[in-house]
Amino acid sequence: MRSETGSAPPLLLLLLFLLPLFLFPPSAAQPDLSDGVRCLANRSVYPCQAYAFYRANLAVPLSADLASVGDLFGTSRALIARTTNLTVARSVLPLRQDQPLLVPITCGCDRNRSYYPAAYEIIAGNTFYLVSTVEYANLTAYPAVELVNPTLVPEDLAIGVIATFPIFCQCLPNNTIGGRRVLGLVSYVLQPSDTYASVASSFGVEAETLTTINGPFNGTYSVVFVPLLQIPPPVIRDSVVSEAPASPPTAPTPVVERNENRGVIAGLAAALAVVVVLCALLLLLLAWCRRRWNRKGEAVGKNGRQSSLERSGKGGGEGRFGSISSADDKLIADISEWLDKYKVFDVATLREATGGFDRSQLIQGSVYKGTIDGELFAVKKMKWNAYDELKILQKVNHSNLVKLEGFCIDGKEGTTYLVYEYVVNGSLDTWLHSPADAGVSDGGRRLDWRSRLRIALDVANGLQYIHEHTWPRVVHKDIKSSNVLLDASFHAKIANFGLARTGLNAVTTHIVGTQGYVAPEYLADGIVSIKMDVFAFGVVLLELVSGRPAFDERTGEALWSEAERLLFRRVTIDKAEAEALLLEWMDTALVQQSCPVESVMSVIQVARACLHRDPAKRPTMVEATYLLSKADEHFSDYSGDGLAVVGDSEVAAR
């Protein structure tokens, strides 16, 4: 959605927009909120429904239209249009400068800060300060951005990195103020001409209420919280009314002589008769077209085709589900607000792309390779219901997570198809565990330590994102080497959110997972938490070091149990002896490459911490990512660009 703006007017608008920012620096104007809004003492009120008041700025590419603003805040165009009282026709038009929008957000509490995590992909020239003040129009502040992105270096932001920008928000202890029901608090940025009285009037509340909630007036470009009593609030409703086209001016009455009046009246009567006849003909034509269209739709439905899907592409619109049966109504209603995020495919297209879901196109499990318009995709075929997976996938957007491109619903067979980006180098387990004589593609080639360390960091970053930067937090529940995919540059992407759930410390009696990766507390008591992902990540680290699968079918022993027995419980103070034990246990391909033992030892220590039997003593993924990055210090040669794999002959030669 981001594009360069090369014309002079947008650049002039940007300069005019930035000028008051230098005259009234946000950090100076809001010292109490610069690093975030403190959570309420009563944490049970989180998460809650909240709203952000956003003004469109045409000098900013991500503010040009409603879909772009939706991408900026990680919500759908349909939801913003609904709360801003925009019709379907207006929601697809470009926005006007300073057009007010009411963006619905979910306010949560993390690190004693109350905010909504907006994911933003860094582009060239970005800084935390510029994105906070320009893109997000001071709805956050750069010290708060630094706080929630501890692993990013503000002075060295890599292009393509996903940073979390905490949109300031707050919840209410109850949903009433002064006996009036409150729909939520609106995060509003004070403008140079604003006073509490003017803001209160714009939202239909009392100025005293703003003082009670926010304290004394804090100055221009600070964030205040305004109770929302109705949707849309008066300030937006009046704005929509004011932009309605004005009635055309009444034409002056022609001056005619009395003896001409009869001729004029006769002429007007004749013209009116012609208009009536034309309108009648037009109505008959529309009725005929509609009847023919309905018959065509019924014929298409009987043939099992969804022609409306072929026309829909990406975006909203009526009839996009074609002949889907009424049994699908609930899912369609549940996911309708996300439809403008993904492309909707029809079943015929997916069947053609995968050769009728032929076994030769099977990648793994129920995932098939398919070609659509010359582009490769991975098509996951699953039985009803895909709601949970879709609900989670629409919340996440990170370079280390496999991207969902679209979906398809087959109402006849009760099947849902999820269409993902195709990750060319397949799964990590194939590269680690396939024997040289397996006859599979790339059999006998082994990842070098540089690539393995980079993969570990990629997976850690992906897990850190879903654990720390989504609300409610997402637990993947099925982290394993077969769910880690490698792209053309051997960067890792986490796949398969079929078992993922939101929420923390839930308890279930339905235990699912893969042997060798399941955390002890989940297996014993059904406790679902982010720490079970941390445990599984520790197992993946052991696989990267040892080159062996997570569970040995011959001995019936899990890899983490073997490491605990051979490495973790061995009491030794001799560094040479510890290194000798590690060299004996690790992948022979790595030993023959002469990779730095200190770096491998650092990764083993991270794995040991992640595999602690007490989940409370395991590190968070933020901590694990930091500890893994320390392994870099023992591997000065490590680089994002370098040798990714070595063949067996190369290993032998070393």
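Details of the structure are given in the entry above.
Let me begin by describing the structure that accompanies this report. Every chain is numbered independently, its residues counted from 1 as its sequence is written. Two thresholds apply to this predicted model, a pLDDT of at least 70 for residue-level local features and 80 or more for giving and counting side-chain atom pairs, whereas whole-chain, interface and lining totals are computed over all residues. Each side-chain value is derived from all of the structure's non-hydrogen atoms; neither hydrogens nor water enter the calculation.

## Describing the overall build of the protein
For the record, the criterion: Working definition: helices are DSSP H or I runs of at least four residues, strands are E runs of at least two. Numbering for both runs from the N terminus. Burial classes: relative accessible area under 20% of the type maximum marks a residue as buried, over 50% as exposed, and values in between as partly exposed (1.4 Å probe, protein chains only). To measure how exposed things are, a 1.4 Å probe is used in the Shrake-Rupley method; for residues, cover is taken only from the protein chains shown.
Helix and strand counts for the protein come out as 25 helices and 25 strands. Counting over 654 residues, the protein shows a buried share of 48%. Accessible surface for the protein amounts to roughly 31700 Å². Of this, 55% is attributable to carbon and sulfur atoms.

## Overview of the packing of aromatic side chains
The condition that has to hold: Two rings from Phe, Tyr or Trp (for Trp, the six-membered ring) form a pair when their centres are within 6.5 Å of each other. A pair whose planes differ by under 30 degrees is stacked, one over 60 is edge-to-face, and the rest are tilted.
If you walk through the whole model with that rule in mind, you get 16 aromatic pairs. Their ring planes at 65 degrees and their centres at 6.2 Å tell us that F345 and F377 sit as a pair that is edge-to-face. You can see F345 sitting in the loop between β10 (343–344) and α14 (347–353) and its partner F377 sitting in strand β13 (residues 375–383), a full 32 residues away along the chain. There is no split in this pair, since F345 and F377 are both buried.

## Points about the packing of helix α19 (residues 530–546) against helix α20 (residues 559–568)
Let me state the cut-off plainly: The convention used is that axes are lines fitted to C-alpha atoms, helices contributing only their stretch in contact, and that angles between N-to-C directions extend from 0 to 180 degrees. Our angle categories are set so that under 35 degrees counts as roughly parallel, over 145 as roughly antiparallel, 65 to 115 as roughly perpendicular, and the remainder as oblique. Rotating anticlockwise by less than a right angle from the far helix to the near helix defines a left-handed crossing, while the corresponding clockwise rotation defines a right-handed one. Two residues qualify as a contact provided that any one of their heavy atoms is within 4.5 Å of a heavy atom in the partner residue. Gly is put with the polar residues, along with every residue not named as nonpolar or charged; the nonpolar set is Ala, Val, Leu, Ile, Met, Phe, Trp, Tyr, Cys and Pro, and the charged set is Asp, Glu, Lys and Arg.
Where α19 contacts α20, the two axes come as close as 10 Å, and the packing angle between them is 70 degrees. One element, α19, and the other, α20, form an angle in the roughly perpendicular class. In the packing of α19 onto α20, the handedness of the crossing is left-handed. Facing α19, whose interface residues are F535, V539, L542, E543 and S546, α20 presents L559, W560, A563 and F568. Looking at the contact of α19 with α20, its residues break down into seven nonpolar, one polar and one charged.

## So, the pairing of strand β3 (residues 100–110)
Convention followed: By this definition, two strands are paired if DSSP reports at least two bridges between them.
Within β3, ten of the eleven residues are buried, leaving the element largely enclosed by the surrounding structure. Here strand β2 (residues 48–55) runs beside β3; their pairing, made up of eight bridges, is antiparallel. Bridge pairing in β3 links Y51 to P104. One ladder, built from three bridges, connects β3 with strand β4 (residues 113–121); its direction is antiparallel.

## Describing helix α17 (residues 449–468)
Definition in use: Each residue after the first adds 1.5 Å to the expected span of a helix.
Relative to the 28 Å expected for 20 residues at 1.5 Å per residue, α17 spans 28 Å between its end C-alpha atoms, a close match to the ideal helical length. In terms of burial, α17 is a largely internal element, 19 of the 20 residues being buried.

## Some remarks on the state of the cysteines
Covalently bonding the sulfur atom of one cysteine to the sulfur atom of another cysteine gives a disulfide. Formally: In plain terms, two cysteine sulfur atoms within 2.5 Å form what is called a disulfide here.
What the rule picks out here adds up to three disulfides. A disulfide bridge connects C39 with C109, and the sulfur atoms are separated by 2.1 Å. Here C39 and C109 share a disulfide; its torsion about the S-S bond, 115 degrees, makes the bridge right-handed. Pair noted here: C39 is in the loop between β1 (37–38) and β2 and C109 is in strand β3, with a separation of 70 residues, a long-range link. With a relative accessible area of 14%, C109 lands in the buried category.

## A word on the pattern of salt bridges
When charged atoms on two side chains of opposite charge get close, those side chains can pair. Basically, it comes down to this: For salt bridges, the criterion is a side-chain nitrogen of Lys or Arg within 4 Å of an Asp or Glu carboxyl oxygen.
Summed over the entire model, instances satisfying the criterion amount to 15 salt bridges. Across the salt bridge formed by R548 and E562, the nearest N and O atoms sit 2.3 Å from each other. With R548 in the loop between α19 and β23 (551–552) and E562 in helix α20, the pair connects residues that are 14 residues apart, well separated along the chain. For R613, the salt bridge is made with E564, and the minimal N-O distance between the two is 3.1 Å. With R613 in the loop between α23 (597–610) and α24 (621–631) and E564 in helix α20, this pair connects stretches of sequence that are 49 residues apart. Residue classification places R613 among the partly exposed residues on the basis of a relative accessible area of 43%.

## Some points on the packing of α20 against helix α21 (residues 575–585)
Any two packed helices are characterised by how steeply their axes cross, that is the angle between the axes, and by the distance between the axes. One can describe the packing of α20 onto α21 by two numbers: an axis separation of 11 Å at closest approach and a directional angle of 150 degrees. Considering the angle they form, α20 stands roughly antiparallel to α21. Between α20 and α21 lies a crossing whose hand is right-handed. Of the residues in α21, those in contact with L559, E562, A563, L566 and L567 of α20 are L581, L582 and W585. A class-by-class count of the residues in the contact of α20 with α21 yields seven nonpolar, no polar and one charged.

## A few points about the pairing of strand β9 (residues 223–228)
Burial within β9 is extensive, with six of its six residues counted as buried. A two-sided burial pattern is seen for β9, the buried positions comprising V223, F225 and P227 on one face and V224, V226 and L228 on the other. Pairing geometry for strand β8 (residues 184–189) and β9, over six bridges, is antiparallel. Bridge pairing links G184 to L228 in β9.

## Topic: the environment of E389
Here is the rule we go by: Two N or O atoms form a polar contact when they lie within 3.5 Å of each other; inside protein one atom must be a possible hydrogen donor and the other a possible acceptor, and for residues adjacent in sequence the pair counts only when both atoms belong to side chains.
You can see E389 is positioned in helix α15 (residues 387–393). The spacing of E389 and G498 is 109 residues in sequence and 5.5 Å in space, taken between C-alpha atoms. Apart from the residues within four sequence positions on either side, E389 is in contact with K380, M382, L418, Y420, F497 and G498. At 2.8 Å, the side chain of E389 and the side chain of Y420 are in polar contact.

## Comments concerning unusual backbone geometry
Note that the residue after Y46, namely P47, is joined by a cis bond; omega there is -10 degrees. With respect to the secondary-structure elements, P47 resides in the loop between β1 and β2. Omega for the bond connecting I231 with P232 falls within 30 degrees of zero, at -5 degrees, which places this linkage in the cis form. Relative to the elements of secondary structure, P232 occurs in the loop between β9 and α10 (234–242). Phi is positive for R111, close to 55 degrees, though the residue is something other than glycine. Relative to the elements of secondary structure, R111 occurs in the loop between β3 and β4. R111 gets classed as partly exposed once you look at its relative accessible area, which sits at 31%. We note that N112 has phi near 60 degrees; this positive angle belongs to a residue other than glycine.

## Some thoughts on the sheet that holds strand β15 (residues 415–421)
Spatial strand order, β10-β14-β15-β13-β12-β11: six strands in an open sheet with mixed pairing. Because the sheet does not close on itself, it has two edges, and the strands there are β10 and β11 (362–364). Looking at chain direction, strand β12 (residues 367–372) and β13 are connected through six bridges and run antiparallel. For I372, the partnering residue across the bridge sits in β13 and is E375.

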